[in-house]
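Reading the structure
If you want the building blocks of each chain, they are given just below.
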Amino acid sequence: MTTTIVHPSIGNLQQFSDSFDIEKLLQSEGILPWLLANGWNYDDQFCLIANIIDESTSLDEVWDSKEFDFNVLSDESKEKLNQIIREKLYSQIQSV
């Protein structure tokens, strides 16, 4: 199975236009727009995952979090989350 990770854009976030100011969301340095653009459902669990990622300094710190047991995610979700994090970090490096 191949998963394609998309960058947050107005088009990719249009389905959330009632919930967020998309322009402001796209200016965010956090992981939230990336997760939304790549099909994660906006709910309490999703918000907790986004906060953990944003506050962590490494992938190991994310996976070892005491706040959320990432082992409850399906293997597909874990892999997709890994890819989103890597893609976001790569895009940040490119823009520096």
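Below you will find a few notes about this structure. Values in this document were obtained by computation on a predicted structure and should not be read as measured data.

The subject of this paragraph is the nonpolar core. Counting residues in hydrophobic clusters, the biggest one holds 24 residues, and the most contacted among them are I31, L35, W40, I49, F70 and L81. Elements represented by at least two residues in this core include exactly α2 (22-27), α3 (32-37), α4 (44-55) and α6 (75-94). When sequence neighbours within four positions are dropped, the list of residues in contact with L35 reads W40, F46, A50, L81 and I84.

At 3.6 residues per turn, the α-helix brings residues three or four places apart onto the same side. An ideal rise of 1.5 Å per residue puts 16 Å on twelve residues; α4 measures up with 17 Å between its terminal C-alpha atoms. Two or three places before Q45, at the start of α4, stands the capping residue D43, its side-chain oxygen 3.2 Å from that residue's backbone nitrogen.

Time to look at the packing of aromatic side chains. When we look at a pair of aromatic rings, we describe it by the centre distance and by the angle of the planes. Evaluated as defined, the whole model comprises four aromatic pairs. The interplanar angle of 90° and the centroid separation of 5.1 Å between the aromatic rings of F20 and Y42 together place this pair among those described as edge-to-face. Of this pair, F20 sits in the loop between α1 (10-13) and α2 while Y42 sits in the loop between α3 and α4; the two residues are 22 residues apart in sequence, bridging distant segments of the chain. Here W63 and F70 contribute two aromatic rings whose centre-to-centre distance is 5.0 Å and whose plane-to-plane angle is 85°, an arrangement assigned as edge-to-face. Taking the relative accessible area as the measure of exposure, F70 reaches 2% and is therefore buried. One aromatic cluster is present, built from ring pairs that chain together F20, Y42 and F46.

What counts and what doesn't
Within any chain, residue numbers begin from 1 and follow the written order of that chain's sequence. Local features in this predicted model are restricted to residues whose pLDDT is 70 or higher, and side-chain atom pairs enter the listing and the counts only when it is 80 or higher, whereas totals over whole chains, interfaces and linings include all residues. For the side-chain quantities, the full set of heavy atoms in the structure was used; hydrogens and water were omitted. Here, nonpolar core refers to any group of buried Ala, Val, Leu, Ile, Met, Phe, Trp, Tyr and Cys residues whose side-chain atoms link them within 4.5 Å. For every residue, the accessible area obtained with a 1.4 Å probe (protein chains only) is divided by the maximum for its type, and the residue is called buried under 20%, exposed over 50%, and partly exposed between those limits. Put simply, DSSP H or I for four residues or longer makes a helix, DSSP E for two residues or longer makes a strand, and each gets a number counted from the N terminus. Working rule for contacts: check all heavy atoms of both residues, and any pair within 4.5 Å makes them a contact. Expected helix span is taken as 1.5 Å per residue step, with the number of steps being one fewer than the number of residues. Polar contact is the term for a pair of N or O atoms within 3.5 Å; when the atoms are in protein, one must be able to donate a hydrogen and the other to accept it, and sequence-neighboring residues count only if both atoms are side-chain atoms. The criterion for an aromatic pair is that two Phe, Tyr or Trp rings (for Trp, the six-membered ring) have centres within 6.5 Å, with stacked assigned to planes under 30 degrees apart, edge-to-face to planes over 60 apart and tilted to the rest.

Limitation: the analysis is restricted to geometry and does not speak to function.
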